[in-house]
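Chain by chain, the residues run as shown.
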Amino acid sequence: MFDKWLDLEKQFNEGALTRRQLMANAMRLGMSSAAAYAFLGAVENPTSLSEGGIASARAAADGEKLNAVMITIQRAGDLGPVDAMIRGLNRGAEEFNYNVRVVEALQGEYQGAIEASAAEEPDLIIGLFPPMADPLERAARQFPKTYFANLVGIVPEGVPNLKSVWHASQEGTFLTGALAGLVSTQKLLGVDSDVLGVVLAVENSEQHGYLAGYQQGFKMTNAKGSVIHNVIGGNSPFEDPVKAAQLAGVLKERGAGIIGTSGGKSQHGVLGAAARSGYLGLGLDNDQCQQYPETCIASALVFLDQWVLGVMKEVRTNTFKPGHHYVGLADGALDICSFGDGDHKLGASLPKVIVDTIANLRSQVLSGAIKVSGTPEL
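Of all six residues making up strand E5 (residues 162-167), six are buried, and the element is well covered by its neighbours. Burial of the side chains of E5 extends over both faces: Leu162, Ser164 and Trp166 are buried on one face and Lys163, Val165 and His167 on the other. Direction of pairing for strand E4 (residues 147-151) relative to E5: parallel, over a ladder of four bridges. Bridging across to E5, phenylalanine 148 finds its partner in leucine 162. In terms of strand pairing, E5 meets strand E11 (residues 323-327) through five bridges, oriented parallel. Residue pairing across strands places histidine 167 opposite valine 327, the latter belonging to E11.

Another point: the sheet that holds E4. Overall, parallel pairing links the six strands, which are arranged E2-E1-E3-E4-E5-E11 in an open sheet. Strand pairing shows two members of the sheet lacking a second neighbour, strand E2 (98-104) and E11, which therefore form its edges. With direction set aside, neighbouring strand axes in the sheet form an average angle of 15°. Relative to E4, strand E3 (residues 124-128) is paired through five bridges, and the arrangement is parallel. Of the residues in E4, the one forming a bridge with isoleucine 125 is phenylalanine 148. Packing of helix H14 (residues 304-316) onto the sheet brings it into contact with strand E1 (66-72), E2, E3, E4, E5 and E11, and relative to E3 it is tilted by some 160°.

Here we take up the confidence of the model for the protein. Scored by pLDDT, the protein comes out at a mean of 89, with 88% of its residues at no less than 70. Confidence over residues 31-38 falls short of pLDDT 50; this stretch has 16 contacts with residues more than four positions distant or in other chains. The low-confidence segment residues 46-61 (pLDDT under 50) makes 33 contacts with residues lying over four places distant or belonging to another chain.

Here we come to the pattern of salt bridges. As enumerated under the stated definition, the model contains 13 salt bridges in all. Across the pair arginine 101 and glutamate 120 runs a salt bridge whose closest N-O atoms are separated by 2.9 Å. One end of the pair, arginine 101, is in strand E2; the other, glutamate 120, is in the loop between helix H7 (110-118) and E3, with 19 residues separating them in the sequence. Judged by relative accessible area, arginine 101 falls into the partly exposed class, the value being 34%. Taking the shortest distance from any N to any O, the salt bridge between arginine 141 and glutamate 137 comes out at 3.0 Å. A residue pair is termed a helical-turn pair when its members lie 3 or 4 positions apart in one helix, as arginine 141 and glutamate 137 do in helix H8 (residues 133-142) at four residues. The exposure class of arginine 141 is exposed, given its relative accessible area of 54%. You can call glutamate 137 buried: its relative accessible area is 18%. Through salt bridges with shared partners, a single ionic network connects Lys187, Asp192, Asp194 and Lys224.

Reading the values: the criteria
- Residues numbered from 1 in each chain as written.
- Predicted model: local features only at pLDDT ≥ 70, side-chain atom pairs only at ≥ 80, totals over all residues.
- Heavy atoms only, no water.
- Buried < 20%, exposed > 50% of the residue type's maximum accessible area, 1.4 Å probe, protein only.
- Helix = DSSP H or I, 4+ residues; strand = E, 2+ residues; numbered from the N terminus.
- Pairing = 2+ DSSP bridges.
- Axes fitted to C-alpha atoms, helices over the stretch in contact; angles between N-to-C directions.
- Contact = heavy atoms within 4.5 Å.
- pLDDT = per-residue confidence, 0-100.
- Salt bridge = Lys/Arg side-chain N within 4 Å of Asp/Glu carboxyl O.

Take a look at the structure:
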């Protein structure tokens, strides 16, 4: 079938077919009208079929299934980022006509997992989190006909079939931290402390971004406020809710009245222990106010499912954008939950002026009037 599509391209470029004839022939080969238009666009762009080869023709044919593999270094079932990205993968399979599968790679096996998947010649391989960056780059150079994406990672420029997406994580936690500062300043919701605690999973740039946002937001709205933190570490820092709960207890003993999280399954240890340990929590990734309505004030949302959908759509429509992409609040990549509405128990009980203050701070971040640094005070 691909040979027939390429033959249509050749005839069109030699003047043997008009645009209308090209589309009619493409539809006879089984394309829908929308796919035929996309195919015409690919043919009229001299680089689409010559540089993209068969992958470009595949992308134009919405009737043919593409194949995508997601490789994660954290296990599914975290009720957080991994599960969100798997939801995006499954939704992309339905909306953009993909066969998909998920591979959980163990530490030390990342390169092998990527290369074994690439040997099957899928259209797209998505590797999750920063440690996948180097293995994905090596594989992208080795398998130039497959597209690779590192979500929540950073890859170098210049590899045409490789991209990464990294987020301004500090913008989301800035807003939840600012809300915590207002709650603590006014001694609302039973909080009688000017200390915000944060449990980090590891010491890296992503986690430091979360911490930096918490620090700047909390101190902006609570002039007397201070932020303390500790780090889970170990072999499974994102999958250790027991240790996370223990560390949250330590922060409570040191005076924290509100404690923020930093992602993964571990954050459920922090939020789950809040009621029995006597503090309130700040959620992350998805809206955890719904899971912990009695103790979670608000959540910083990261729309990771949309990141997955975006790269799947790019491959399907032959619009893949290689290189590194840095996204934030203004790009719709993250936000704060709608904590002040009726679906949020604690947030809905706060004075309207507090809800409006956070909305104003959000507008200032969007406009660039407030720039949130990703570098924390350590």
